[in-house]
Amino acid sequence: SDSMAVQEIFVPGRLCLFGEHSDWAGAFRAQNAEISPGKTIVVGTEEGLYAQAQPLDDKVIIFSSTTDAGEKSTVQFPLDTDTLLHEAQKGGFFSYVAGVAYRISVNHQVGGIRIDNYRTTLPLGKGLSSSAAVCVLVARAFNRVYGLQLTVRGEMEYAYLGEVTTPSKCGRMDQACAYGALVAMSYDADILRIAPASLAVPLHMVLVDLKAAKDTTAILQGLQRAYPTASDDKSQALQQLLGDINLGVCERALAAMAAGDLPGLGALMREAQSEFDARAGPMCPEQLTAPVLHKVLTYAPIQGLIHGAKGVGSQGDGTAQILCKDAGAQAAVCRILSEELGMGVMPLTVPATH
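Note that the structure is a prediction, hence the values are computed from the model and not measured.

A. Highlighting the overall build of the protein. Along its length, the protein carries 11 helices and 11 strands. The principal-axis extents of the C-alpha atoms in the protein amount to approximately 60 × 50 × 40 Å. Across the protein, every contact between residues at least 6 apart in sequence was considered, and the portion connecting residues at least 24 apart equals 74%. Per element, the accessible surface of the protein, about 14,100 Å² overall, is 51% carbon and sulfur. Counting 27 positive and 36 negative side-chain charges, the protein places the centres of these two groups 1 Å from one another.

B. Inspection of the sheet that holds strand β10 (residues 319-324) at higher detail. Across the sheet, 4 strands lie side by side as β9-β10-β8-β11; this open sheet has antiparallel pairing. Each edge of the sheet is formed by a strand with only one pairing partner; in this case those strands are β9 (306-311) and β11 (344-350). Taking the axes of each pair of neighbouring strands and ignoring which way they run, one obtains an average angle of 20 degrees across the sheet. Packing against the sheet, helix α8 (residues 262-279) makes contact with β8 (203-209), β9 and β10, and its axis sits at approximately 30 degrees to β9.

C. A look at the pattern of salt bridges. On inspection of all chains with the given rule, the structure shows 8 salt bridges. Residue E87 pairs with K90 through a salt bridge whose shortest N-O separation is 3.2 Å. Remark: K90 and E87 occur in helix α2 (residues 81-90); sequence separation between them is 3 residues, near one turn of the helix. Using a relative accessible area of 52% as the deciding quantity, one classes K90 as exposed. For the salt bridge of R252 with E271, the shortest nitrogen-to-oxygen distance reads 2.7 Å.

D. Here's a closer look at the nonpolar core. Core analysis: the largest hydrophobic core is formed by 77 residues, its most contacted members being L17, F18, I61, I115, F142 and L203. Ranked by residue count, the leading element in this core is helix α4 (residues 130-146), at 11 residues.

E. Looking closely at the state of the cysteines. According to the stated counting rule, one finds 0 disulfides in the structure shown. No disulfide involves C284; its sulfur sits 18 Å from that of C16, the nearest cysteine.

F. Examining the packing of helix α3 (residues 95-107) against helix α5 (residues 152-165) more closely. In contact at an axis separation of 7 Å, α3 and α5 are set at 120 degrees when each is read in the N-to-C sense. As judged from the angle between their axes, α3 and α5 are oblique. For the crossing formed where α3 meets α5, the hand is right-handed. Contacts between α3 and α5 involve Y96, G99, V100, Y102, R103, I104 and N107 on the former and, on the latter, Y158, A159, L161, G162, E163 and T165. When its residues are assigned to classes, the contact of α3 with α5 shows 7 nonpolar, 4 polar and 2 charged.

G. Quick peek at the packing of helix α7 (residues 233-259) against α8. It is at 10 Å that the axes of α7 and α8 come closest, and there the two elements cross at 175 degrees. The pairing of α7 with α8 is recorded here as roughly antiparallel in orientation. Where α7 abuts α8, its residues K234, A237, L238, Q240, L241, I245, V249, R252, A253, A256 and M257 lie against L265, L268, E271, A272, E275, F276 and R279. Residues belonging to the contact of α7 with α8 are distributed by class as follows: 12 nonpolar, 1 polar and 5 charged.

H. Geometry of the packing of aromatic side chains. Per the counting criterion, the structure on display carries 6 aromatic pairs. Ring geometry for F10 versus Y50: centroids 4.7 Å apart, planes at 50 degrees, classification tilted. Of the two residues, F10 sits in strand β1 (residues 7-18) while Y50 sits in strand β2 (residues 38-56), which places them 40 residues apart along the sequence. Taking the relative accessible area as the measure of exposure, F10 reaches 32% and is therefore partly exposed. Residues W24 and F28 carry aromatic rings whose centres are separated by 6.2 Å and whose planes lie at 90 degrees to one another, so their mutual orientation is edge-to-face. Among the residues examined, W24 registers a relative accessible area of 7% and is labelled buried. Residue classification places F28 among the buried residues on the basis of a relative accessible area of 17%. An aromatic cluster is built from W24, F28 and Y227, whose rings are joined through pairwise contacts. Over the aromatic face of Y50 sits the side chain of R119, whose NZ or CZ is 4.9 Å from the ring centroid.

I. The arrangement of the side chain of S235 in detail. On the secondary structure map, S235 appears in helix α7. In contact with S235, not counting residues within four places along its chain, are A226, A230 and M283.

J. Representation of the environment of H21 in the model. Tracing the backbone shows H21 in the loop between β1 and α1 (22-27). A sequence separation of 293 residues divides H21 from S314, and the C-alpha atoms of the two residues are 6.7 Å apart. At 2.9 Å, the side chain of H21 and the backbone oxygen of S314 are in polar contact.

Each value, and the rule that gives it
- Residues numbered from 1 in each chain as written.
- Predicted model: local features only at pLDDT ≥ 70, side-chain atom pairs only at ≥ 80, totals over all residues.
- Heavy atoms only, no water.
- Helix = DSSP H or I, 4+ residues; strand = E, 2+ residues; numbered from the N terminus.
- Contact = heavy atoms within 4.5 Å.
- Areas by Shrake-Rupley, 256 points an atom, 1.4 Å probe, with all protein chains shown as cover.
- Lys, Arg positive; Asp, Glu negative; His and termini not counted.
- Charge placed at Lys NZ, Arg CZ, Asp CG, Glu CD.
- Pairing = 2+ DSSP bridges.
- Axes fitted to C-alpha atoms, helices over the stretch in contact; angles between N-to-C directions.
- Salt bridge = Lys/Arg side-chain N within 4 Å of Asp/Glu carboxyl O.
- Buried < 20%, exposed > 50% of the residue type's maximum accessible area, 1.4 Å probe, protein only.
- Core = buried A, V, L, I, M, F, W, Y, C linked by side-chain atoms within 4.5 Å.
- Disulfide = S-S within 2.5 Å.
- Parallel < 35°, antiparallel > 145°, perpendicular 65-115°, else oblique.
- Left-handed = near helix turned anticlockwise from the far one by under 90°.
- Nonpolar A, V, L, I, M, F, W, Y, C, P; charged D, E, K, R; others polar.
- Phe/Tyr/Trp six-rings, centres within 6.5 Å; stacked < 30°, edge-to-face > 60°.
- Lys NZ or Arg CZ within 6 Å of the ring centre and 35° of its normal.
- Polar contact = N/O pair within 3.5 Å; in protein donor to acceptor, adjacent residues only side chain to side chain.

Listed below in structure tokens is the structure:
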């Protein structure tokens, strides 16, 4: 195929500022109308996946991956729906590639494709949705190489369908990395609404790799026991958390962002975390007690530099997010946490929207 057809593609990671777990919780409204809708506030990261995609004459998908450490690996699957489905259901990193290719092959007449993810600046498995970024990358590559005329929303839908074809049972939020902007997302059964959010001043964040262990699957299994119908007080408390409590926090957070009220936003991060600890913690204590996370959130030497902090993604001892007072405080927090606690740190600055 001619080299003119090479498409250059970038897909960012995504950081969920507020509302983690409410995406799948809101989807349960299809089975129980008394559950409140979910809502998340999500931002794209500067880090992500860089790739080139081009058509192939053979009916295969060749996907090359590069980790953030620079290790390369390549997989090749025939574009045959039975094979792709089998590979997707096996699990593992390349199952995401097979899952999206399966969903697209079922609905569209596409030929072969080579996708070379030649550079990755997104850390894997740190609550920044690296798996969803891979799924969006495959959907976007097929869309651009074969002119499928999908909107960003369409790419996102294929990425989601591809990911849930694998053993990973994510909610719909993760694929927001397709947007790469600041958005508020609401989840009402299978209806997903996405609206741009407004941010008056930049956010100087630090993402902290807690260098500990967490099991996202165990967290999801523990929390999803409360759905679709709450059988006891603990389950009821979790449904309230992921429903009306979260809706209130998100509304106030969107207002604080639009007004440029960073102390207010930081206070809401602390509030969201304490509600999560009280109401989600008891459903999965072995994962959500999260001693390393709480050590970082309350670490005395950084408190004067920050407005607030909370967990990321599925929560647990994976990643923390910290809202710093300014760029200087951001650099200081990075230095303190890496030198004194041996944490991995990643500064992330979210630009103002206007």
